[in-house]
Amino acid sequence: MSTYRLQQLLSPRSVALIGASPRRGSLGYALLKNLKDAGFSGPIYPVNPHHHEIDGLKCVPAIGDLAETPDLMIVATPAPTVPSLVRAAGAKGVGAAIIVTAGLGHGPDSLAAQSEQIARQSGLRLLGPNCLGLIAPYAKLNGSFASRMPAPGHLAVISQSGAIAAAIAEWGITNASGFSAIASIGDQIDVDIGDLLDYFALDSKTRAILLYVESISRARKFMSAARAAARIKPVVVIKAGRHIEGAQAAATHTGAMAGSDAVYGAAFRRAGLLRVFDMDELFDAAETLSHVRNLKGKRLAILTNGGGIGVLAIDRLRDMGGTVAAVSPAIKERLDSVLPSTWSGANPVDIVGDAGPDRYVAALEALLADPANDAILVFNVPTAMASPREVAQAVANKVASQRSRSLQPKPVFTSWVGGDQTTVDIFNHTAIPHYSTEVEAVRGMMHLVRYQEAIASLMETPPSLPDDFKTDEKAARKIVDGALSEDRRWLDPLEVAALMAAYAIPITPTYHATDPDAAGRIAAPLLAEGQKVVLKIHSRDIVHKSDVGGVRVGLSSADDVARAASEIFNNAKRLRPDARIEGLIVQPMIQRKYARELILGIATDPVFGPVILFGRGGTAVEVINDKALALPPLDLNLANDLIGQTRVSRILSAYRDVPAARREDIAMTLVKISQLAADHPEIDEIDINPLLADERGVLALDARVSVSRKQIARSQSHLAIRPYPKEWERVLLLAPDWPILVRPVRPEDEGLFTEFFTQISDSDLRLRFFAPIKDFSHSFIARLTQIDYARSMAFVAFDQTSGKLLGAVRLHADANHDVAEYAILVRSDLKGRGLGWKLMQLVIEYARADGIKQIQGEVLRENTVMLRMCEELGFNIAPDPDDQALSIVSYRLA
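Please read all numbers here as calculations on a predicted model, not as lab measurements. (Residues numbered from 1 in each chain as written. Predicted model: local features only at pLDDT ≥ 70, side-chain atom pairs only at ≥ 80, totals over all residues. Heavy atoms only, no water.)

**Regarding the overall build of the chain**
Heads up, the rule is: The helix count covers DSSP runs of H or I at least four residues long, the strand count covers runs of E at least two residues long, and both are numbered beginning at the N terminus. The reference for a compact globule is 2.2 Å times residues^0.38; the radius of gyration itself is calculated from the C-alpha atoms. The charged-residue count follows a simple rule in which Lys and Arg add positive charge and Asp and Glu add negative charge, with His and chain termini not counted at all. To locate a charge, take NZ of a lysine, CZ of an arginine, CG of an aspartate or CD of a glutamate.
For the chain, the helix and strand inventory stands at 28 helices and 37 strands. At 32 Å, the chain has a C-alpha radius of gyration in line with the 29 Å of a compact globule built from 894 residues. C-alpha atoms of the chain, sized along the principal axes, occupy 95 × 75 × 65 Å. Mean positive and mean negative side-chain charge positions of the chain (96 and 101 charges, respectively) differ by 1 Å.

This is the structure in C-alpha cells:
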C-alpha cells in the first residue's frame with residue numbers, strides 16, 4: 001500500500017484513543033496526557049466502556065458510538081481485543097491506527113495476522129503493534145508514551161525499537177534538534193520502513209531521515225524506497241545484531257563468508273544510505289544533518305586556540321578520508337595582518353591560547369572568504385585569558401551574519417572543549433552544529449561528505465558492456481533443469497564447465513574419461529605439450545573429492561597418469577562403495593607465475609536473495625577474510641567498486657617485477673556472474689576459488705555450483721533490486737523497410753541522450769519540459785537513464801542501422817503503484833512518422849502488465865499534436881484546475 005492514507009496517520013485532523021484511562025501509571029493515561037499536553041488542535045475522543053468522562057473529555061463505550069469518524073485511532077487495550085477493534089475501526093471508516101499493544105504474536109494464525117487481514121479489507125493502515133507510537137511535532141501530535149515531546153524540526157526518525165525512538169527524542173530535546181516525525185514501527189505488520197521512506201522522501205519538512213533497523217522483511221520494497229529516498233536527501237541507518245551469524249550451514253567458501261550483517265551492509269551501500277555503527281555516531285550524524293543542508297567538498301579548515309586539539313582533528317580527518325584544506329596565499333596575508341606573529345601560519349590555524357572574541361572573528365571571517373576550503377571547524381580550549389562564552393557568542397554572530405548574506409553559506413562546525421550549557425545554548429540558538437570532541441566534530445562533517453560521495457557514485461555512468469558479451473541462457477537453463485530433474489543439489493564438473501562456458505567465464509579445460517585407459521589417452525596430448533595433468537574422481541555422489549583420495553595433481557608422465565587413475569578408482573570404491581562413479585575428470589594443471597588467487601561467487605541470503613561475493617582466494621580464504629559483497633545486478637562501475645572495497649585490489653596493480661592483472665577482466669567476470677544470478681533463480685551458490693588473474697586475463701581453476709527447486713516466477717522476482725527487464729525488448733516496424741529497436745533504457749545510454757537532445761527543436765523541448773532547456777548536464781540526463789525498474793520504466797527507440805536514438809517514453813509510478821505519470825519525446829524531424837504512437841501503445845501495454853491502474857500526464861494546451869494523439873488513444877482530457885495553460889490527460893487501465 002505504501003503511502004496510502006499515511007497523511008491521516010502523520011497529520012490527522014482528529015484522534016480516538018481506545019483504552020484511555022484516568023488511572024495514573026497506566027498506558028491509557030500516559031497516551032491521553034501526551035495527546036493533550038502536545039497541544040493537538042483537533043478533537044480527541046477517549047474510548048472506554050467503563051467511564052463517561054476522562055480528564056474533562058467525554059468518553060464513549062466503543063468506537064462505533066463516536067458521532068464523527070476520526071482520522072487516527074490509537075489502541076492501548078489487551079492483545080485479544082485488537083482484531084475486533086480493527087474491524088470496528090474499518091467499518092467506521094477510520095484511516096489509520098497505531099497499535100501500541102504488545103503480545104499479538106507472529107505467524108499465520110496470530111492476533112497480529114488477523115488484525116492485518118481485517119485492516120486490509122477496509123484499507124485501514126496499521127502502525128505497530130508493539131511500538132512506542134508516533135510523534136509528529138508539526139501536527140502537534142504525540143501519539144506515544146515517550147516521556148517528553150520534542151520540537152518541530154527537519155529530521156524524520158523510523159525505528160523498529162521503541163526504546164531507541166524514545167532515546168532519540170530525548171537527545172533532540174537536550175540538543176535543541178527538532179523532528180518532522182518520530183515513528184516507532186514495532187512489528188510492522190502493515191506500515192513498514194519502505195512506506196515511511198517513501199513518505200518522508202517527498203515530505204517538504206524532512207531534510208534527513210534516521211533509520212534504526214533490526215531486520216528487513218520485504219527486501220525489494222525496502223531497496224526501491226531506500227534508493228529513491230537517498231537520491232533526494234540523506235538517509236542514515238544503524239543496524240542492530242551485527243554479530244548474529246547468518247551463514248553457519250553454508251556449504252561453500254562463498255556461502256560461509258557472506259554473513260548476514262555483511263549482506264545488510266552491501267544493501268545499504270547499494271541504496272546510498274549512510275551506515276553508522278553506534279548511537280554516538282548516529283547522534284553525530286543527526287547533529288550535522290539537522291543544521292547543515294549541503295557541503296560542496298571535503299576540504300576542512302580548522303580554527304583553534306590550541307595546537308594540540310587541532311592536530312588531533314587533522315589526524316582524524318585523514319583517517320576518515322577527508323582533506324586538510326590549504327590556506328590560499330591571499331588569505332594567509334590577510335591572516336598575517338590580523339593575527340599575532342606566533343600564529344601557526346598554516347592549517348590548523350592556531351591563533352594562540354590568549355585569543356579573544358575579536359581575534360576569533362577576524363580569523364573566521366578570513367577563512368569564510370577562502371575558496372581553498374569547503375567547511376570550517378572552530379575549536380575553543382578554555383583558558384583564563386578569554387571567556388569561552390563570549391568567544392562562542394562572537395562566533396555565532398559571525399556565522400549568522402554570513403548566512404544572512406549568502407544563499408549557500410559555508411558550513412561551520414564547532415567544538416568547545418568542556419563547554420557548559422550556556423555555550424551549548426548559544427550554538428543551538430544559532431543552529432550551528434556543535435560537538436563535545438574533535439572525533440565527533442570531524443565525523444559529523446564526514447557524514448555529509450560520505451553522503452555526497454554515495455550519491456555521486458550512484459549517478460556515475462557505467463561503461464558500455466563489450467559488444468561481444470553474449471550469454472547462452474538456453475544452454476545454461478538446460479544444465480540447471482537437468483540437475484533438478486534428477487533431484488541433485490550439485491552440478492558435476494562437466495556441467496559446471498558447460499555452465500561457465502554459457503556465460504563466457506574462462507575455466508580450466510575439463511575432459512571426461514570413463515576409465516584409467518581413457519584418462520591416459522586424453523592426457524597424452526597435454527603431456528606431449530609439456531603440461532602436467534590433474535585427475536579427479538567423477539561422481540555426483542562424492543562432493544568433497546579429497547575426502548576419498550579422489551584428486552591427484554602434478555602428473556607429468558603417462559605412467560603417473562595410469563598409476564594415479566587406478567589409485568583414485570580403487571580409493572573411491574573402497575571408501576564410498578555406495579557412490580555411483582562415472583569415471584575421471586582430466587584437466588591440465590595450470591601454472592601462472594604472477595597470477596593472484598581470487599574468489600568470487602554467489603551466495604543466497606534469506607532476506608535479500610542472491611548476493612555477489614569477491615575477495616582474496618586460495619585455501620586460507622576464510623582465515624584471511626578479505627571480501628566484499630554486492631547485490632546484483634551489477635554493471636562495470638558497480639563491479640569495479642566491489643573490487644575496490646577489498647585489500648587484494650591493491651596487488652592487482654603492477655609492483656616490482658609483477659605485471660598488473662587485467663582488472664577489467666575481473667570486473668567483467670563479476671558482471672557475468674551477476675547475470676547468471678539474475679537469469680537462474682534456482683542457483684543457490686556458486687563458488688569460484690581460485691580465480692586466477694594476471695596480465696593475460698582471468699581463469700577459474702575450480703568452481704562449484706549448487707541448485708535447488710524454488711517456486712519463483714521467471715520475472716527475476718528473486719532479486720532485491722529489479723534487473724534490466726530484457727523481456728521488454730522489441731523490434732517495431734514504422735514502415736515495411738524500417739525496423740526500429742525498442743528496449744528499456746540503460747544507464748550507459750547517457751551519451752546517446754546527449755546527441756539526441758541536439759536534434760530536438762527548442763519548441764519541442766519547451767513542450768516536453770514546460771520551460772526552455774539549454775544545459776543537459778550529467779545529473780539531468782542521469783535522472784532519465786538511471787531508473788529503478790521496480791517503480792519506473794523508460795523505453796528508448798533506435799534506428800537499427802545507425803544505432804541513433806530516435807525517441808523515448810517514460811513512465812513513473814507513484815509509491816502506491818496505482819497511478820503512473822508518462823512523458824514522451826521524439827526527434828523533431830521524425831514527428832508524424834508514427835513513432836510516438838507506437839511508443840505510447842507500448843507504454844500502455846507495459847503499465848497494464850505491471851498492474852498500474854491509471855496513466856496520467858500534464859500537457860501544455862498549445863501542444864495540440866500530443867492532445868490529439870491522447871484523444872485517439874482513448875485518454876480522458878480535462879483542464880488543469882490550478883493552471884489554465886495545462887491539460888490533464890488520463891487513461892484508466894482495466
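**Looking at the packing of aromatic side chains**
The criterion, for reference: In this analysis, rings of Phe, Tyr and Trp, with Trp reduced to its six-membered ring, are considered paired at centre separations within 6.5 Å, and the interplanar angle assigns stacked below 30 degrees, edge-to-face beyond 60, and tilted for intermediate values.
Taken as a whole, this structure holds 22 aromatic pairs when the rule is applied. Here Phe413 and Tyr435 contribute two aromatic rings whose centre-to-centre distance is 6.5 Å and whose plane-to-plane angle is 40°, an arrangement assigned as tilted. One end of the pair, Phe413, is in strand β19 (residues 412-416); the other, Tyr435, is in the loop between α15 (421-429) and α16 (438-458), with 22 residues separating them in the sequence. Consider the rings of Tyr724 and Tyr789, whose centres lie 6.2 Å apart with planes at 75°: the pair is edge-to-face. Of this pair, Tyr724 sits in the loop between β29 (703-707) and β30 (730-735) while Tyr789 sits in the loop between α26 (778-785) and β32 (792-799), placing them 65 residues apart in sequence.

**Observations regarding the pattern of salt bridges**
For clarity, the threshold we go by: Definition used for salt bridges: Asp or Glu carboxyl oxygen within 4 Å of a side-chain nitrogen of Lys or Arg. Think of it in three bands: with a 1.4 Å probe and only protein chains considered, a residue is buried below 20% of the maximum accessible area for its type, exposed above 50%, and partly exposed in between.
Here the structure, examined in full by the defined rule, presents 52 salt bridges. The closest approach of N and O atoms between Arg125 and Asp195, which form a salt bridge, is 3.1 Å. Residue Arg125 is located in strand β7 (residues 125-127), and its partner Asp195 is located in helix α6 (residues 193-201); the two are separated by 70 residues in the primary sequence. Its relative accessible area of 0% is what places Asp195 among the buried residues. Between Asp694 and Arg592 there is a salt bridge whose closest N-O contact spans 2.7 Å. With Asp694 in strand β27 (residues 683-694) and Arg592 in the loop between β23 (583-588) and β24 (596-605), the pair connects residues that are 102 residues apart, well separated along the chain. Classification of Asp694 by relative accessible area gives buried; the value is 1%.

**Overview of the layout of surface pockets**
Our working rule: Both cavities and pockets are sets of points on a 1 Å grid over the protein atoms alone; in a cavity a 1.4 Å probe fits but cannot get out, in a pocket the set is open with protein on both sides within 12 Å along at least five of seven lines, and lining residues sit with an atom within 4 Å of a point. Grid points are joined across faces, edges and corners, and a volume is the space filled by probe spheres set on the points. In this classification, the charged set is Asp, Glu, Lys and Arg, the nonpolar set is Ala, Val, Leu, Ile, Met, Phe, Trp, Tyr, Cys and Pro, and all remaining amino acids, among them Gly, are polar.
Taken as a whole, the second largest pocket holds about 1,100 Å³ of empty space. Around the second largest pocket, the lining is made up of 38 residues, and of these Lys536, Asn689, Leu701, Asp702 and Ala703 lie nearest the centre. When residues of the lining of the second largest pocket are traced back to their parent elements, those giving at least two are α18 (493-502), β21 (533-538), β22 (551-555), β23, β27 and β29. Its residues placed into classes, the lining of the second largest pocket shows 20 nonpolar, ten polar and eight charged.

**Digging into the sheet that holds β22**
Quick note on the threshold: Between any two strands, pairing holds if DSSP finds at least two bridges. In this description, a line fitted to the C-alpha atoms serves as the axis of each element, helices being fitted only across the stretch in contact, and the angle between N-to-C directions of two axes falls anywhere from 0 to 180 degrees.
Sheet architecture is open: four strands sit in the order β20-β23-β21-β22, paired in antiparallel fashion. At either end of the open sheet lies a strand with only one pairing partner, and these are β20 (511-513) and β22. Strand after strand, the sheet turns through a mean of 25° between neighbouring axes, direction not considered. Where β20 meets β23, three bridges bridge the pair, whose relative direction is antiparallel.

**Some details on helix α28 (residues 864-873)**
Here is the rule we go by: By arc we mean the arc of the directions from the helix axis to the C-beta atoms, nothing more. Contacts are assigned to residue pairs that have any heavy atoms within 4.5 Å of one another.
Listed in full, the buried residues belonging to α28 are Met866, Leu867, Met869, Cys870 and Leu873. One side of α28 carries all its buried residues, which in axial view fall inside an arc of 160°. In α28, the exposed positions angled more than 90 degrees off the buried face are occupied by Glu871 and Glu872. The inward-facing, buried residues of α28 abut β34 (819-826), α27 (835-849), β35 (854-860), β36 (876-879) and β37 (886-892). Directly after α28, the chain includes Gly874, whose backbone phi takes a positive value near 100°.

**Some points on the confidence of the model for the chain**
Counted only if it meets this: Confidence of the predictor at the level of single residues is captured by pLDDT, which takes values from 0 to 100.
For the chain, per-residue confidence averages 92 on the pLDDT scale, and residues scoring 70 or more make up 97% of the total. For residues 246-250, every residue scores under 50 in pLDDT, and the model assigns this stretch seven contacts once sequence neighbours within four places are set aside.

**Focus on the nonpolar core**
Here is the rule we go by: By nonpolar core we mean a set of buried residues, namely Ala, Val, Leu, Ile, Met, Phe, Trp, Tyr and Cys, connected to one another through side-chain atoms within 4.5 Å.
If you look at the biggest cluster of nonpolar residues, it comprises 66 residues, and the most contacted ones within it are Leu197, Leu211, Phe222, Leu273 and Phe608. Counting residues per element, this core draws most heavily on helix α7 (residues 219-230), at seven residues. Contact partners of Phe608, with chain neighbours within four places excluded, come to Ile216, Ala219, Phe222, Met223, Val263, Tyr264, Ala267, Leu631, His718 and Ala720.

**Considerations on the packing of helix α12 (residues 329-338) against helix α13 (residues 357-368)**
In plain terms, the rule: In what follows, roughly perpendicular refers to angles from 65 to 115 degrees, roughly parallel to angles under 35, roughly antiparallel to angles over 145, and oblique to any angle outside these ranges.
Two elements in contact, α12 and α13, have axes separated by 10 Å at closest approach and are oriented at 170°. With respect to each other, α12 and α13 are oriented roughly antiparallel. In this structure, α12 uses Ile331, Arg334, Leu335 and Val338 to contact α13, whose residues at the interface are Ala362, Ala363, Glu365, Ala366 and Leu367. Along the lines of polarity and charge, the residues of the contact of α12 with α13 split into seven nonpolar, no polar and two charged.

**Description of empty space enclosed by the protein**
Under the criterion given, the structure shown has six cavities of 30 Å³ or more. The space that makes up the largest cavity amounts to roughly 90 Å³. As for the largest cavity, its lining consists of Phe753, Phe756, Phe757, Arg768, Phe769, Leu784, Ala808, Val809, Arg810, Ala823, Ile824 and Leu825. Taken together, the residues that form the lining of the largest cavity break down as ten nonpolar, no polar and two charged.

**Things to note about α16**
Threshold: Helices are assigned an expected span. That span is 1.5 Å times one less than the residue count.
Compared with an ideal rise of 1.5 Å per residue, which puts 21 residues at 30 Å, α16 spans 30 Å between its outermost C-alpha atoms and is within 8% of the ideal. Burial runs high along α16: 15 of the 21 residues are buried.

**Looking at the packing of helix α19 (residues 516-528) against helix α20 (residues 558-575)**
Note the following rule: Definitions for this section: a left-handed crossing has its near helix turned counterclockwise from the far helix by less than a right angle. A right-handed crossing has that turn clockwise.
Running from N to C, α19 and α20 point in directions that differ by 145°, and their axes come no closer than 9 Å. Once α19 is placed against α20, the crossing between them reads as right-handed. Contacts between α19 and α20 pair Pro516, Ala519, Gly520, Ala523 and Leu527 from the former with Ala558, Val561, Ala565, Ser566 and Phe569 from the latter. When its residues are assigned to classes, the contact of α19 with α20 shows eight nonpolar, two polar and no charged.

**Quick look at unusual backbone geometry**
Of note, the amide linkage connecting Gly128 to Pro129 takes the cis form, showing an omega dihedral of 0°. Relative to the elements of secondary structure, Pro129 occurs in the loop between β7 and β8 (133-136). Asn347 connects to Pro348 through a cis peptide bond whose omega is 10°. Checked against the element boundaries, Pro348 lands in the loop between α12 and β17 (349-350). Backbone geometry places Ala504, a non-glycine residue, at a positive phi of 55°. For Ala504, the position within the fold is in the loop between α18 and β20. What makes Ala504 partly exposed here is its relative accessible area of 38%.

**A word on a negative patch on the surface**
Here is the rule: The patches reported here contain residues having more than 30% relative accessible area and no salt bridge. Joining distances are 9 Å for like charges and 5 Å for nonpolar side chains (Val, Leu, Ile, Met, Phe, Trp, Tyr). Note that accessible areas follow from Shrake-Rupley with a 1.4 Å probe, and for residues the cover is restricted to the protein chains shown.
There is a patch of like negative charges on the surface, built from Glu821, Glu858, Asp882 and Asp883. Secondary-structure assignment places Asp883 in the loop between β36 and β37. In this structure Asp883 comes out as partly exposed when scored by relative accessible area, which is 32%.

**Side note on the pairing of strand β31 (residues 738-744)**
Judged by how many residues are buried, β31 sits mostly within the fold: five of seven residues are covered. Where β30 folds back onto β31 in an antiparallel hairpin, the turn is made up of two residues. The sheet contact formed by β31 and β32 spans five bridges and is antiparallel. Bridge pairing in β32 links Arg743 to Val796.

**Let's talk about the sheet that holds β7**
Read from one edge of the open sheet, five strands run β2-β1-β5-β6-β7, paired in parallel fashion. What marks the edges here is a single partner per strand, and that holds for β2 (44-47) and β7. Strand-to-strand twist in this sheet, taken as the mean axis angle between neighbours without regard to direction, amounts to 20°. Across four bridges, the pairing between strand β5 (residues 72-75) and strand β6 (residues 96-99) is parallel. The partner of Met73 across the bridge, within β6, is Ala97. Against the sheet, helix α3 (residues 82-92) makes contact with β1 (15-18), β5, β6 and β7, and its axis sits at roughly 170° relative to β5, the strand it touches most.

**Side note on the environment of Ala441**
Considering the arrangement of structural elements, one finds Ala441 in helix α16. By relative accessible area, Ala441 is classed as buried at 1%. For Ala441 and His51, which are 390 residues apart along the polypeptide, the C-alpha to C-alpha distance reads 53 Å. Ala441 has contacts with Leu377, Ser415 and Tyr435, leaving out every residue within four places of it along the chain.

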